[in-house]
Amino acid sequence: VQLQASGGGLVQAGGSLRLSCAASRRPSARYIMGWFRQAPGKEREFVSAISWTGGTYYADSVKDRFTISGESTKNTVYLQMNSLKPEDTAVYSCVASGTWYVGRHPKDWSYDYWGQGTLVTVSS
């Protein structure tokens, strides 16, 4: 499975961006797709994920500001990011897994496939 992320860029604080991640094929019938990010000098962290059931998961730091959605017919997920803050600046990586277990979504080791990152820069 290949993942192609797009949509990053430069935006002012308070602005919005939408990231897209297109998978070359669905990882499996019971898959999960999502996003991690890594800011300069910081560890990689979970941002959001959506499962094959439509269940969504968010990091506390982005809850109520970011919305993840999926378009299953196109094997694509979107991350709508609103009210962006300078601390959201990071490289955002799209991830996917063909096996999904409840509670594993924040663990980077649980994802089999990683796309290239897309840079999001939020200026103050």
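Residues numbered from 1 in each chain as written. Predicted model: local features only at pLDDT ≥ 70, side-chain atom pairs only at ≥ 80, totals over all residues. Heavy atoms only, no water.

> Explain the overall build of the protein here, please?
Helix and strand counts for the protein stand at zero helices and 10 strands. Shown N-terminal to C-terminal, the secondary structure of the protein runs as helices and strands in the order β-β-β-β-β-β-β-β-β-β. The C-alpha radius of gyration computed for the protein amounts to 13 Å, which stays within 12% of the reference 14 Å derived for 124 residues, consistent with globular compactness. By principal-axis analysis of the C-alpha atoms, the protein measures approximately 40 × 25 × 25 Å. Sequence separation of 24 or more characterises 59% of the internal contacts of the protein that already satisfy a separation of 6 or more. Working note: accessible area of the protein is about 6,500 Å², and carbon and sulfur atoms make up 47% of it. Positive and negative charge centroids in the protein, built from 13 and 9 side chains respectively, lie 6 Å apart. (Helix = DSSP H or I, 4+ residues; strand = E, 2+ residues; numbered from the N terminus. Rg over C-alpha atoms; globule rule 2.2 N^0.38 Å. Contact = heavy atoms within 4.5 Å. Areas by Shrake-Rupley, 256 points an atom, 1.4 Å probe, with all protein chains shown as cover. Lys, Arg positive; Asp, Glu negative; His and termini not counted. Charge placed at Lys NZ, Arg CZ, Asp CG, Glu CD.)

> I tried to follow unusual backbone geometry on my own but got confused; where do I start?
Excluding glycine, residues mostly carry a negative phi; peptide bonds, for their part, are mostly trans. For Asn75, which is not glycine, the phi torsion reads 50 degrees and is therefore positive. Structurally, Asn75 is set in the loop between strand S7 (66-71) and strand S8 (76-81). When its relative accessible area of 18% is taken as the criterion, Asn75 is described as buried. Phi is positive for Ser83, which is not a glycine, with a value near 50 degrees. The residue Ser83 is located in the loop between S8 and strand S9 (90-97) in this model. On the accessibility criterion, Ser83 (41% relative accessible area) is partly exposed. (Buried < 20%, exposed > 50% of the residue type's maximum accessible area, 1.4 Å probe, protein only.)

> Could you clarify how one ought to interpret the packing of aromatic side chains in this entry?
Pairs of aromatic rings are described using the distance from one ring centre to the other and the angle between the two planes. Going through the model one piece at a time under the given rule, you end up with four aromatic pairs. Ring plane angle 45 degrees and centroid distance 5.3 Å describe the contact between Phe36 and Trp114, whose orientation is recorded as tilted. Here the residue Phe36 occupies a position in strand S4 (residues 32-38), and Trp114 occupies one in strand S10 (residues 113-123), the gap between them amounting to 78 residues. Taken together through their ring pairs, the aromatic side chains of Phe36, Phe46, Tyr111 and Trp114 make up a single cluster. The aromatic ring of Tyr101 is capped on one face by Arg104, whose charged end is 4.4 Å from the ring centroid. (Phe/Tyr/Trp six-rings, centres within 6.5 Å; stacked < 30°, edge-to-face > 60°. Lys NZ or Arg CZ within 6 Å of the ring centre and 35° of its normal.)

> How should I be thinking about the nonpolar core in this particular structure?
For soluble globular proteins, the rule of thumb is that nonpolar side chains tend to be buried together. Ranked by size, the top nonpolar core spans 34 residues in total, and within it Met33, Trp35, Phe66, Leu79, Met81 and Tyr92 carry the most contacts. Every element with two or more residues in this core is listed here: strand S1 (3-6), strand S3 (17-23), S4, strand S5 (45-51), S7, S8, S9 and S10. Here the element with the most residues in this core is S9; it accounts for five residues. (Core = buried A, V, L, I, M, F, W, Y, C linked by side-chain atoms within 4.5 Å.)

> I tried to follow the environment of Ser72 on my own but got confused; where do I start?
Here Ser72 lies in the loop between S7 and S8. Measuring from C-alpha to C-alpha, the distance between Ser72 and Arg26 comes to 8.3 Å, with 46 residues separating the pair along the chain. Non-local contacts of Ser72, meaning those with residues more than four positions away in its chain, are made with Arg26 and Tyr31.

> Looking at this structure, I do not really get the environment of Gly54. What am I missing?
Tracing the chain through its elements places Gly54 in the loop between S5 and strand S6 (56-58). Taking the C-alpha atoms as reference points, Gly54 and Gly70, separated by 16 residues in sequence, lie 7.9 Å from one another.

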